[in-house]
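Observations on the model geometry
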Amino acid sequence: VQLQASGGGLVQPGGSLRLSCAASGSIFSINYMGWYRQAPGKQRELVATITTGGSTNYVDSVKGRFTISRDNAKNTVYLQMNSLKPEDTAVYYCNAVELRGRRYDYWGQGTLVTVSS
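Now for the pairing of strand S5 (residues 45-51). Here strand S4 (residues 32-38) runs beside S5; their pairing, made up of 6 bridges, is antiparallel. Of the residues in S5, the one forming a bridge with glycine 34 is threonine 49. Hairpin remark: S4 followed by S5, antiparallel, with 6 residues in the connecting loop; positive phi at glycine 41, about 75°. Looking at chain direction, S5 and strand S6 (residues 56-58) are connected through 3 bridges and run antiparallel. What sits directly across from alanine 48, in S6, is tyrosine 58. Connecting S5 to the antiparallel partner S6 that follows it, the hairpin turn spans 4 residues, and glycine 54 within it adopts a positive phi of roughly 95°.

Next comes the structure, spelled out in structure tokens:
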């Protein structure tokens, strides 16, 4: 599985961005996908996940502001980020998980999101 992330950039507080993650390869084996982020000096944290069935989960700090979605025809997962705050500044990573006896994680390259005036 290969993941290609895009869509980061600089945005003012209160603004919006949409991240995209295109999956290729053995995508039929993916159980769920998600986005993580890592801010400077902090550990990587889970932001949101979406299953193949479309069930979603969010970290409390982004609930009501971020929306994860998927386009199965394009093998792409999106993260729509609204009402961005400076504390959302981080490198965002796309993740795909296979559960085959044990967990296999695949990662895209990070995309930087900077929220600043």
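A word on the sheet that holds strand S8 (residues 76-81). Across the sheet, 4 strands lie side by side as S1-S3-S8-S7; this open sheet has antiparallel pairing. Looking at the sheet topology across the chains shown, the edges are occupied by strand S1 (2-6) and strand S7 (66-71). This sheet shows a mean twist of 15° between the axes of neighbouring strands, independent of strand direction. Across 6 bridges, S7 lies against S8 in antiparallel orientation. Across the sheet, arginine 70 pairs through a bridge with valine 77, a residue of S8.

By the definition in use, this model includes 1 disulfide. Between the sulfur atoms of cysteine 21 and its disulfide partner cysteine 94 the distance amounts to 1.8 Å. The chirality of the disulfide connecting cysteine 21 with cysteine 94 is left-handed, given an S-S dihedral of about -80°. Residue cysteine 21 is found in strand S3 (residues 17-24), and its partner cysteine 94 is found in strand S9 (residues 90-100); the two are separated by 73 residues along the sequence. You can call cysteine 21 buried: its relative accessible area is 0%. Residue cysteine 94 is classed as buried on the basis of its relative accessible area, which comes to 1%.

Turning our eyes to something else, we now look at the pairing of strand S11 (residues 111-115). Residues Thr111, Val113 and Val115 line the buried face of S11, whereas the alternating positions Leu112 and Thr114 sit on a face that is not buried. Bridge count between strand S2 (residues 9-11) and S11: 3 bridges; the pairing is parallel. Across the sheet, leucine 10 pairs through a bridge with threonine 114, a residue of S11. For S9 and S11, the ladder comprises 3 bridges, and the chain directions are antiparallel. By the bridge assignment, tyrosine 92 is partnered in S11 with threonine 111.

Let's shift gears to the packing of aromatic side chains. Enumeration over the complete set of coordinates arrives at 1 aromatic pair. Look at tyrosine 36 and tryptophan 107: their rings are 5.0 Å apart centre to centre, the planes differ by 65°, and that puts the pair in the edge-to-face class. With tyrosine 36 in strand S4 and tryptophan 107 in strand S10 (residues 102-107), the pair connects residues that are 71 residues apart, well separated along the chain. The class for tryptophan 107 is partly exposed, based on a relative accessible area of 36%. A cation sits over an aromatic face here: arginine 44 above tryptophan 107, 4.6 Å from the ring centre.

Basis of the calculations
- Residue numbers run consecutively from 1 along every chain, following the written order of its sequence.
- Per-residue local features are limited, in this predicted model, to residues with pLDDT of at least 70; the limit for side-chain atom pairs, both in listing and counting, is 80 or more; totals at the level of whole chains, interfaces and linings are taken over all residues.
- Excluding hydrogens and water, the side-chain figures rest on all heavy atoms present in the structure.
- Being paired, for any two strands, means DSSP has found at least two bridges between them.
- Here a helix means four or more residues in a row that DSSP labels H or I, a strand means two or more in a row labelled E, and each is numbered from the N terminus.
- Here the axes come from fitting lines to C-alpha atoms, over the contacting stretch only for helices, and the angles between their N-to-C directions go from 0 to 180 degrees.
- To count as a disulfide, a pair of cysteine sulfur atoms needs to be within 2.5 Å.
- Exposure categories follow from relative accessible area, calculated using a 1.4 Å probe and restricted to protein chains: below 20% of the type maximum is buried, above 50% is exposed, and the middle band is partly exposed.
- For this analysis, a ring pair means two rings from Phe, Tyr or Trp (six-membered ring only for Trp) whose centres lie within 6.5 Å, classed as stacked if their planes differ by under 30 degrees, edge-to-face if by over 60, and tilted for the remaining angles.
- Placement of a positive charge over a ring is assigned whenever Lys NZ or Arg CZ falls within 6 Å of the ring centre and within 35 degrees of the normal to the ring plane.

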